[in-house]
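Listed here are the chains, written in short residue letters.
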Amino acid sequence: MALQRKLLFIIFVLAVIFCANGQYSITADDTWQLDDTPSEMNDEEEIELGKQVDEYIRHHFYLENDPDLNMVVSNITQRLVTVSDRNTLPFTCTILQSFSINAFSAPGGHIYLTYGLLKFAQTEDEVAGIVGHEVAHASLHHASKLYHEVMEILSRQNNGTHSPESLLLLNSHLEEFEQDADTTGVFYASKAGFNPSGLLDFLERHLSLMIRKNMFGLAGPGSSAELINSRINHLKEYLSTLEKGKNNKE
Ligand SMILES: [Zn+2]
């Protein structure tokens, strides 16, 4: 039973740690009432949870087995992991057979890219930007932080004091997580010898594709278009400081 409840949390994590299209859905659901799990995870617990998520994913998606594509992705991932702040985690990057353009990560260093994302990416630097973002989520302990926050909300919900504000707060923290993963990931990409503009190039092209294909609902506060735009602006600012720092060193 505990396992099933954990799985519900896992699915929640997958739903929120979306990277490429900035869409995450937050729903409050009574079935997440975990009563036998700690509020924060240590590394071992995170790795264990990650294993369960990975099993779930492998069970529910077809994996892309093309050896060349897997080799390219694995090399990019290892270069980024080496320069990251949590390179003791057993990172893996798996390609899913899906034409959608997406990337996400599970606790414990599991990263997933869709085949569609790899086809859409024009350079290795763009892929490195996306993978760097996911490595950064793990390095910054976002899964554990999110887990803690969700547990808090659920315990308040149990006490009958749950309020929509807590979900709004969670939402704003998720935006922060995305922006922090963007800048840290770009920093890793640059350290690993990739062009740090890769992620920005990818996000801008993806945003214009989504606008062209009318893939957003009504634009406005909280819309995916707005989320991606704020990530793009934040990234531009960061890239200009990164560039200035380089020039000062030279
Ligand atoms: Zn993300």
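Cut-offs applied
- Residues numbered from 1 in each chain as written.
- Predicted model: local features only at pLDDT ≥ 70, side-chain atom pairs only at ≥ 80, totals over all residues.
- Helix = DSSP H or I, 4+ residues; strand = E, 2+ residues; numbered from the N terminus.
- pLDDT = per-residue confidence, 0-100.
- Buried ≥ 20, exposed ≤ 12 C-beta atoms within 10 Å, placed from the backbone.
- Pairing = 2+ DSSP bridges.
- Axes fitted to C-alpha atoms, helices over the stretch in contact; angles between N-to-C directions.
- Contact = placed C-beta atoms within 7 Å.

1. Re the environment of L174
Turning to step 1, where the next piece is worked out: Along the chain, L174 turns up in helix 7 (residues 164-191).
Turning to step 2, where the next piece is worked out: Placed 28 residues apart in sequence, L174 and L146 show a C-alpha to C-alpha distance of 8.3 Å.

2. Things to note about the confidence of the model for the protein chain
Turning to step 1, where the next piece is worked out: Residue-level pLDDT values for the protein chain average 81, and 76% of them are 70 or greater.
Turning to step 2, where the next piece is worked out: The lowest-confidence element of the protein chain is helix 1 (residues 2-16), averaging 52 in pLDDT; the highest-confidence one is helix 3 (residues 67-82), averaging 98.

3. Some details on unusual backbone geometry
Turning to step 1, where the next piece is worked out: In this structure, H141 is a non-glycine residue whose phi angle is positive, near 60°.
Turning to step 2, where the next piece is worked out: Examined against the element boundaries, H141 turns out to sit in the loop between helix 5 (124-139) and helix 6 (142-158).
Turning to step 3, where the next piece is worked out: H141 sits in the partly exposed class, given 18 other C-beta atoms within 10 Å.

4. Observations regarding the sheet that holds strand 2 (residues 103-106)
Turning to step 1, where the next piece is worked out: Judged by pairing direction, the sheet is mixed, and its 3 strands sit side by side in the order 1-3-2 without closing on themselves. Every other strand in the sheet has two partners, leaving strand 1 (92-96) and strand 2 as the edge strands with one partner each. When strand polarity is set aside, the average angle formed by the axes of neighbouring strands in this sheet is 25°.
Turning to step 2, where the next piece is worked out: Two strands pair when backbone bridges link them, and strand 2 and strand 3 (residues 110-114) are joined in this way by 4 bridges, in the antiparallel orientation. In the strand pairing of strand 3, A103 is matched with L113.
Turning to step 3, where the next piece is worked out: Lying on the sheet, helix 2 (residues 43-60) is in contact with strand 2 and strand 3; it crosses strand 3 at an angle near 25°.

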